[in-house]
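Structural characterization, general
Residue-level listing of the chains:
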Amino acid sequence: MWPAGYDRIVLDEVDSTMAEARRRAADLAGPTWILARNQTAATGRRGRAWVNPQGNFAATLFLRPECNAQDAALRSFTAAYALYQTLAMSARGHGLTLKWPNDVLLNGGKVAGILLESSGKGDRVDWVSIGIGVNLVSAPDASEVEPGAVRPVSLKGETGQTVAPEAFLDFLAGHFASLEGLFQEFGFDPIRRLWLRKAARLGEVITARTPRNEITGTFETVDATGQLVLRTPKGQVQISAADVYF
(Lines give C-alpha, C1' and ligand atoms only; values in the text may rest on other atoms or scores of the structure.)
Protein backbone atom coordinates (compact mmCIF):
# COMPACT_ATOMS: atom_id res chain seq x y z
CA MET A 1 0.00 0.00 0.00
CA TRP A 2 1.34 3.40 -0.99
CA PRO A 3 2.12 5.52 2.12
CA ALA A 4 -0.28 8.32 2.98
CA GLY A 5 1.06 11.82 2.44
CA TYR A 6 3.65 10.83 -0.19
CA ASP A 7 3.29 11.78 -3.86
CA ARG A 8 4.75 9.92 -6.83
CA ILE A 9 5.96 11.03 -10.26
CA VAL A 10 6.97 8.39 -12.85
CA LEU A 11 8.94 9.49 -15.93
CA ASP A 12 9.89 7.46 -18.98
CA GLU A 13 13.24 9.26 -19.34
CA VAL A 14 15.14 12.07 -17.65
CA ASP A 15 18.74 13.21 -17.34
CA SER A 16 18.66 12.33 -13.64
CA THR A 17 15.97 12.15 -10.99
CA MET A 18 18.13 14.33 -8.71
CA ALA A 19 18.23 17.06 -11.35
CA GLU A 20 14.50 16.72 -11.90
CA ALA A 21 13.83 17.11 -8.17
CA ARG A 22 15.97 20.25 -8.18
CA ARG A 23 14.02 21.69 -11.09
CA ARG A 24 10.66 20.94 -9.46
CA ALA A 25 11.66 21.98 -5.92
CA ALA A 26 9.67 25.21 -5.88
CA ASP A 27 6.47 23.37 -6.82
CA LEU A 28 6.75 20.35 -4.51
CA ALA A 29 5.01 21.00 -1.20
CA GLY A 30 5.38 17.59 0.44
CA PRO A 31 7.35 14.35 0.21
CA THR A 32 7.49 13.17 -3.40
CA TRP A 33 9.13 10.19 -5.07
CA ILE A 34 10.40 10.77 -8.63
CA LEU A 35 11.06 7.54 -10.53
CA ALA A 36 12.65 7.34 -13.97
CA ARG A 37 12.47 4.28 -16.17
CA ASN A 38 15.62 5.54 -17.88
CA GLN A 39 18.30 8.06 -16.83
CA THR A 40 20.72 9.57 -19.32
CA ALA A 41 23.13 11.51 -17.08
CA ALA A 42 23.05 10.08 -13.56
CA THR A 43 25.89 10.70 -11.11
CA GLY A 44 26.98 9.22 -7.78
CA ARG A 45 29.24 10.38 -4.98
CA ARG A 46 31.86 13.01 -5.85
CA GLY A 47 30.33 13.42 -9.31
CA ARG A 48 31.16 9.90 -10.46
CA ALA A 49 29.04 8.52 -13.28
CA TRP A 50 26.28 6.15 -12.21
CA VAL A 51 25.42 3.61 -14.90
CA ASN A 52 21.68 2.95 -15.06
CA PRO A 53 20.60 0.43 -17.71
CA GLN A 54 16.92 -0.17 -18.44
CA GLY A 55 15.29 -2.24 -15.71
CA ASN A 56 17.44 -0.94 -12.89
CA PHE A 57 15.97 1.32 -10.22
CA ALA A 58 16.56 5.08 -10.28
CA ALA A 59 14.53 7.38 -8.06
CA THR A 60 14.79 10.44 -5.85
CA LEU A 61 12.77 11.21 -2.75
CA PHE A 62 12.16 14.93 -2.24
CA LEU A 63 11.52 15.95 1.39
CA ARG A 64 10.93 19.13 3.37
CA PRO A 65 12.08 17.79 6.76
CA GLU A 66 12.01 21.11 8.68
CA CYS A 67 15.31 20.44 10.42
CA ASN A 68 18.96 21.45 10.47
CA ALA A 69 21.55 20.26 7.95
CA GLN A 70 22.91 17.55 10.24
CA ASP A 71 19.52 15.90 10.79
CA ALA A 72 18.77 16.15 7.07
CA ALA A 73 21.99 14.28 6.28
CA LEU A 74 21.03 11.50 8.69
CA ARG A 75 18.16 10.60 6.35
CA SER A 76 20.74 8.66 4.34
CA PHE A 77 20.71 6.05 7.13
CA THR A 78 16.91 5.94 7.01
CA ALA A 79 17.03 5.40 3.26
CA ALA A 80 19.74 2.74 3.60
CA TYR A 81 17.76 0.71 6.10
CA ALA A 82 14.59 1.07 4.01
CA LEU A 83 16.59 -0.28 1.06
CA TYR A 84 17.79 -3.18 3.22
CA GLN A 85 14.20 -4.03 4.15
CA THR A 86 13.04 -3.83 0.54
CA LEU A 87 15.89 -5.87 -0.90
CA ALA A 88 15.52 -8.48 1.85
CA MET A 89 12.10 -9.36 0.42
CA SER A 90 13.88 -10.87 -2.61
CA ALA A 91 17.39 -11.53 -1.27
CA ARG A 92 16.84 -13.00 2.19
CA GLY A 93 19.69 -15.37 2.99
CA HIS A 94 22.04 -13.71 0.49
CA GLY A 95 24.17 -11.61 2.83
CA LEU A 96 22.68 -8.12 2.74
CA THR A 97 24.73 -5.54 4.66
CA LEU A 98 25.01 -1.74 4.90
CA LYS A 99 28.30 -0.04 4.08
CA TRP A 100 28.98 3.36 5.63
CA PRO A 101 28.09 5.95 4.60
CA ASN A 102 25.50 5.13 1.95
CA ASP A 103 25.83 1.81 0.10
CA VAL A 104 23.99 -1.50 0.30
CA LEU A 105 25.98 -4.69 -0.26
CA LEU A 106 24.66 -8.02 -1.49
CA ASN A 107 26.93 -11.05 -1.11
CA GLY A 108 29.74 -8.55 -0.54
CA GLY A 109 29.13 -6.57 -3.73
CA LYS A 110 27.54 -3.15 -4.17
CA VAL A 111 23.93 -3.46 -5.23
CA ALA A 112 22.66 0.02 -4.30
CA GLY A 113 23.89 3.52 -3.56
CA ILE A 114 22.46 6.70 -2.07
CA LEU A 115 23.24 10.35 -2.80
CA LEU A 116 21.95 13.36 -0.85
CA GLU A 117 21.50 16.94 -1.94
CA SER A 118 19.96 19.76 0.08
CA SER A 119 19.19 23.47 -0.05
CA GLY A 120 18.56 26.01 2.68
CA LYS A 121 19.73 29.12 4.49
CA GLY A 122 22.21 29.02 7.34
CA ASP A 123 21.83 25.76 9.20
CA ARG A 124 18.16 25.29 8.29
CA VAL A 125 17.26 23.02 5.40
CA ASP A 126 14.51 24.01 3.01
CA TRP A 127 14.54 20.68 1.22
CA VAL A 128 16.59 17.52 0.85
CA SER A 129 16.66 15.07 -2.06
CA ILE A 130 17.66 11.44 -1.54
CA GLY A 131 18.79 9.86 -4.80
CA ILE A 132 18.74 6.07 -4.89
CA GLY A 133 20.12 3.72 -7.51
CA VAL A 134 19.66 -0.05 -7.33
CA ASN A 135 21.12 -2.64 -9.69
CA LEU A 136 17.96 -4.70 -10.06
CA VAL A 137 18.79 -6.48 -13.33
CA SER A 138 22.39 -5.62 -14.23
CA ALA A 139 25.56 -4.11 -12.80
CA PRO A 140 28.62 -2.38 -14.28
CA ASP A 141 31.64 -4.53 -15.04
CA ALA A 142 34.26 -4.51 -12.29
CA SER A 143 36.66 -2.81 -14.72
CA GLU A 144 34.38 0.25 -14.76
CA VAL A 145 34.85 1.09 -11.07
CA GLU A 146 37.91 2.57 -9.40
CA PRO A 147 40.65 0.26 -8.08
CA GLY A 148 39.90 -1.09 -4.61
CA ALA A 149 36.18 -0.29 -4.82
CA VAL A 150 33.60 -2.91 -3.94
CA ARG A 151 32.61 -4.97 -6.99
CA PRO A 152 29.21 -4.08 -8.47
CA VAL A 153 26.49 -6.75 -8.39
CA SER A 154 22.81 -6.95 -9.32
CA LEU A 155 19.84 -8.42 -7.52
CA LYS A 156 19.02 -10.65 -10.48
CA GLY A 157 22.61 -11.78 -10.93
CA GLU A 158 23.06 -12.75 -7.28
CA THR A 159 19.63 -14.20 -6.48
CA GLY A 160 17.88 -14.91 -9.79
CA GLN A 161 14.99 -12.71 -8.63
CA THR A 162 13.51 -10.09 -10.95
CA VAL A 163 11.68 -7.05 -9.57
CA ALA A 164 10.19 -4.26 -11.69
CA PRO A 165 11.28 -0.74 -10.65
CA GLU A 166 7.71 0.43 -9.97
CA ALA A 167 7.01 -2.58 -7.75
CA PHE A 168 10.30 -2.00 -5.95
CA LEU A 169 9.29 1.63 -5.34
CA ASP A 170 5.95 0.61 -3.83
CA PHE A 171 7.69 -1.37 -1.09
CA LEU A 172 10.59 1.04 -0.64
CA ALA A 173 8.27 4.00 -0.17
CA GLY A 174 6.32 2.16 2.50
CA HIS A 175 9.43 1.11 4.41
CA PHE A 176 10.89 4.61 4.25
CA ALA A 177 7.66 6.24 5.44
CA SER A 178 7.53 3.95 8.49
CA LEU A 179 11.16 4.67 9.37
CA GLU A 180 10.73 8.41 8.80
CA GLY A 181 7.84 8.33 11.27
CA LEU A 182 10.14 6.62 13.77
CA PHE A 183 12.81 9.28 13.18
CA GLN A 184 10.37 12.13 13.65
CA GLU A 185 9.00 10.69 16.89
CA PHE A 186 12.17 9.39 18.55
CA GLY A 187 15.10 10.97 16.69
CA PHE A 188 18.07 9.30 15.02
CA ASP A 189 18.94 6.77 17.72
CA PRO A 190 16.47 3.99 16.77
CA ILE A 191 17.48 4.35 13.10
CA ARG A 192 21.14 4.23 14.11
CA ARG A 193 20.59 1.04 16.11
CA LEU A 194 18.76 -0.66 13.25
CA TRP A 195 21.49 0.38 10.79
CA LEU A 196 24.29 -0.92 13.04
CA ARG A 197 22.63 -4.34 13.25
CA LYS A 198 23.31 -4.76 9.52
CA ALA A 199 26.58 -2.78 9.27
CA ALA A 200 29.25 -4.28 7.02
CA ARG A 201 32.60 -5.04 8.74
CA LEU A 202 31.57 -3.79 12.17
CA GLY A 203 34.36 -4.74 14.58
CA GLU A 204 36.81 -5.29 11.73
CA VAL A 205 39.71 -3.25 10.35
CA ILE A 206 38.74 -0.94 7.48
CA THR A 207 40.24 2.07 5.72
CA ALA A 208 38.54 5.46 5.35
CA ARG A 209 39.92 7.64 2.58
CA THR A 210 39.21 11.39 2.58
CA PRO A 211 40.48 13.97 0.06
CA ARG A 212 43.23 14.85 2.58
CA ASN A 213 44.29 11.59 4.21
CA GLU A 214 43.73 7.87 4.75
CA ILE A 215 42.82 6.39 8.13
CA THR A 216 42.91 2.67 8.96
CA GLY A 217 41.38 1.31 12.14
CA THR A 218 38.78 -0.94 13.70
CA PHE A 219 35.21 0.01 12.87
CA GLU A 220 33.73 0.56 16.34
CA THR A 221 30.40 2.24 15.67
CA VAL A 222 28.50 5.09 14.07
CA ASP A 223 27.96 7.89 16.57
CA ALA A 224 24.87 10.01 17.32
CA THR A 225 25.75 12.42 14.51
CA GLY A 226 26.28 9.71 11.87
CA GLN A 227 30.08 9.87 11.97
CA LEU A 228 32.16 6.76 11.40
CA VAL A 229 34.12 5.89 14.56
CA LEU A 230 37.43 4.06 14.13
CA ARG A 231 39.79 2.81 16.82
CA THR A 232 43.35 3.46 15.63
CA PRO A 233 46.79 3.07 17.26
CA LYS A 234 46.57 6.80 18.04
CA GLY A 235 43.16 6.54 19.65
CA GLN A 236 39.54 6.94 18.58
CA VAL A 237 38.85 8.91 15.40
CA GLN A 238 35.50 10.30 14.20
CA ILE A 239 35.09 10.72 10.44
CA SER A 240 32.26 12.72 8.93
CA ALA A 241 32.84 11.98 5.23
CA ALA A 242 35.05 9.45 3.45
CA ASP A 243 35.13 6.55 1.03
CA VAL A 244 35.51 3.25 2.90
CA TYR A 245 37.61 0.35 1.68
CA PHE A 246 37.82 -3.19 3.07
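Refer to the structure printed above.
Residues numbered from 1 in each chain as written. Predicted model: local features only at pLDDT ≥ 70, side-chain atom pairs only at ≥ 80, totals over all residues. Heavy atoms only, no water.

A closer look at the packing of aromatic side chains
What counts is decided by this rule: Two rings belonging to Phe, Tyr or Trp (six-membered ring only in the last case) form a pair when the distance between their centres is within 6.5 Å. Interplanar angles under 30 degrees mark stacking, angles over 60 mark edge-to-face geometry, and anything in between is tilted. For a ring to carry a charge above it, either NZ of a lysine or CZ of an arginine must fall within 6 Å of the ring centroid while also lying within 35 degrees of the normal to the ring plane.
By the definition in use, this model includes seven aromatic pairs. Linked through ring pairs, Phe 77, Phe 183, Phe 188 and Trp 195 together constitute an aromatic cluster. For Arg 209, the ring lying beneath its charged end belongs to Tyr 245, and the centroid distance is 4.2 Å.

Notes on the sheet that holds strand β11 (residues 235-239)
Note the following rule: Strand pairing is defined by DSSP finding a minimum of two bridges between the two strands. A run of DSSP states H or I qualifies as a helix once it reaches four residues; a run of E qualifies as a strand once it reaches two. Both are numbered from the N-terminal end. Here, axes are lines fitted to C-alpha atoms. For helices the fit covers the stretch in contact, and angles between N-to-C directions go from 0 to 180 degrees.
The strand order across the open sheet built from five strands is β11-β10-β9-β8-β12, with neighbouring strands paired in antiparallel fashion. A strand with exactly one partner marks an edge of an open sheet, and here the two such strands are β11 and β12 (243-245). Averaged over all pairs of adjacent strands, the angle between their axes in this sheet comes to 45°, without regard to strand direction. Inspection of the sheet shows strand β8 (residues 205-209) paired to strand β9 (residues 214-222) by five bridges, in the antiparallel sense. Residue Thr 207 lies in a different strand from β9, and its bridge partner there is Thr 216.

Let's talk about the sheet that holds strand β2 (residues 32-36)
Strand pairing in a sheet takes place through backbone hydrogen bonds and is either antiparallel or parallel in direction. The strand order across the open sheet formed by seven strands is β1-β2-β3-β7-β6-β5-β4, and the pairing between neighbours is mixed. Two strands in the sheet have a free side with no partner beyond their single neighbour: β1 (7-11) and β4 (96-99). This sheet shows a mean twist of 20° between the axes of neighbouring strands, independent of strand direction. With ten bridges joining them, strand β6 (residues 109-121) and strand β7 (residues 124-134) adopt antiparallel strand pairing. Bridge pairing in β7 places Gly 113 opposite Gly 133.

Regarding the packing of helix α3 (residues 75-91) against helix α6 (residues 189-197)
The condition that has to hold: For classification purposes, an angle smaller than 35 degrees is called roughly parallel, one larger than 145 roughly antiparallel, one from 65 to 115 roughly perpendicular, and anything else oblique. Note on convention: near helix rotated counterclockwise from far helix by under a right angle means a left-handed crossing. Clockwise means right-handed. Should any heavy atoms of two residues lie within 4.5 Å, those residues are counted as being in contact. The classification used treats Ala, Val, Leu, Ile, Met, Phe, Trp, Tyr, Cys and Pro as nonpolar, Asp, Glu, Lys and Arg as charged, and all other residues, Gly among them, as polar.
At their nearest, the axes of α3 and α6 sit 9 Å apart, and the two run at 45° to each other. The pairing of α3 with α6 is recorded here as oblique in orientation. Pair α3 / α6 crosses with left-handed handedness. When α3 is examined against α6, the residues Phe 77, Thr 78, Ala 80 and Tyr 81 are found in contact with a partner set consisting of Ile 191, Leu 194 and Trp 195. Along the lines of polarity and charge, the residues of the contact of α3 with α6 split into six nonpolar, one polar and no charged.

Let's talk about the environment of Ile 239
Summarising the element assignment, Ile 239 is placed in strand β11. Spatially, the C-alpha atom of Ile 239 lies 9.0 Å from that of Gly 226, the residues being 13 residues apart in sequence. If we skip the residues at most four places from it in the chain, Ile 239 touches Trp 100, Ala 208, Thr 210, Ile 215, Gln 227, Leu 228 and Leu 230.

Re the pairing of β1
To keep it simple, the criterion reads: Whether a crossover is right-handed depends on one test, that the path from the first strand over the helix to the second runs clockwise when the strands point away from the viewer.
Summarising the sheet, β1 and β2 pair through five bridges and their orientation is parallel. Within β2, the residue paired with Asp 7 across the bridge is Thr 32. What joins β1 to β2 is helix α1 (residues 17-24), and the crossover it makes is right-handed.

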